[in-house]
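Notes for the structure review
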Amino acid sequence: MEQDFDEDGWNNNPARSNASEEEGENHEEQSENSKVVLHDCLQRFASVDYIMEPSIFVQLKRYFQAGGTAEHVINQLSSNYAAVAQMANLLAEWLIMAGVGVTDVQAMVENHLKDMILKTFDPKKADKIFTEEGETPGWLTEMIEHHTWRSLIYRLAEEYPECLMLNFTIKLISDAGFQSEITSISTAAQQIEVFSRVLKAAVAKFLSHPEDWQSAIDEVAKMVCHGQHTYVYSQVLIQDKEQAI
């Protein structure tokens, strides 16, 4: 009887019952989350040439951690592989073989890519890709080494001043020493560090080219008077430098 009482007491223990219910709820929640992750990943894998996307490895990791099968993802990626980039490379090689100059072919490809990016750029998607990387993407560092892509970033930053990815890229460009290329005041004024460098470059140009002082001082004045914050900051900066001298 005592043994029966103990077993009954254990089986009817409210704490144990609650723990079992919580475990069941947690299991159901994890199962539901896994289904959401699998659905999200499979939707991504179903897009054209997703295997070429920078986030492919991050999404594959999510997919497998949620219990996805290798066979399914291989079928998804391969069936939706159109090889757009590879076909563009092949066409470029054919043009070169046909006698078109390498630089001309490169310019064709780059200009077409720039036009496509300007037409289809989505700042929300750009920010999402950027945050998914968790660090500065290697491809972005390579991009800012080329003037063509830096000029593209400048144009996009003008159109989408609130885009975090573009603002961060502008800072990377400035850090790399290309602040003299940032001729757009509104782009430079988004970040105080970038604005300081561009203003410094403009003042240095004014001081080192006395023969062209009028255009140089007009450029400095345009920067300083861009907005109230740039005006006050420039006044404080100039006053501080005067006191230091």
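Residues numbered from 1 in each chain as written. Predicted model: local features only at pLDDT ≥ 70, side-chain atom pairs only at ≥ 80, totals over all residues. Heavy atoms only, no water.

What counts is decided by this rule: UniProt positions are given in the numbering used here, feature names are shortened, and annotations may be inferred rather than shown by experiment.
In the nomenclature of an unreviewed UniProt entry, the chain corresponds to Negative elongation factor D from the organism Anopheles minimus. Looking at the chain in UniProt, the text filed under Sequence similarities (unreviewed entry) is "Belongs to the NELF-D family." UniProt, in its Subcellular location (unreviewed entry) section for the chain, records the words "Nucleus".

With respect to the pattern of salt bridges
It is possible for side chains bearing opposite charge to pair when their charged atoms get close. As a reminder, the rule being used: Put simply, a salt bridge is a Lys or Arg side-chain nitrogen that is within 4 Å of an Asp or Glu carboxyl oxygen. Only runs of H or I of at least four residues qualify as helices and only runs of E of at least two qualify as strands under DSSP, and these elements are numbered from the N terminus. Each residue is assigned to one of three classes by its accessible area relative to the maximum for its type, calculated with a 1.4 Å probe on protein chains only: buried under 20%, partly exposed between the two thresholds, exposed over 50%.
Using the criterion set out here, one finds 4 salt bridges in the structure. Among the salt bridges present, the one from Asp40 reaches Arg62, with a minimum N-O distance of 2.9 Å. Placement of Asp40 in helix 2 (residues 14-45) and of Arg62 in helix 3 (residues 56-65) is noted, with a sequence separation of 22 residues between them. Exposure remark for Asp40: the relative accessible area of 23% places this residue in the partly exposed category. Here Lys171 and Asp175 are joined by a salt bridge, their closest N and O atoms 3.0 Å apart. Of this pair, Lys171 and Asp175 both sit in helix 10 (residues 164-175), 4 residues apart, roughly one helical turn. According to the relative accessible area criterion, Asp175 is partly exposed, its value standing at 40%. Each of Asp40, Arg44 and Arg62 takes part in salt bridges that share partners, so that together they form one network.

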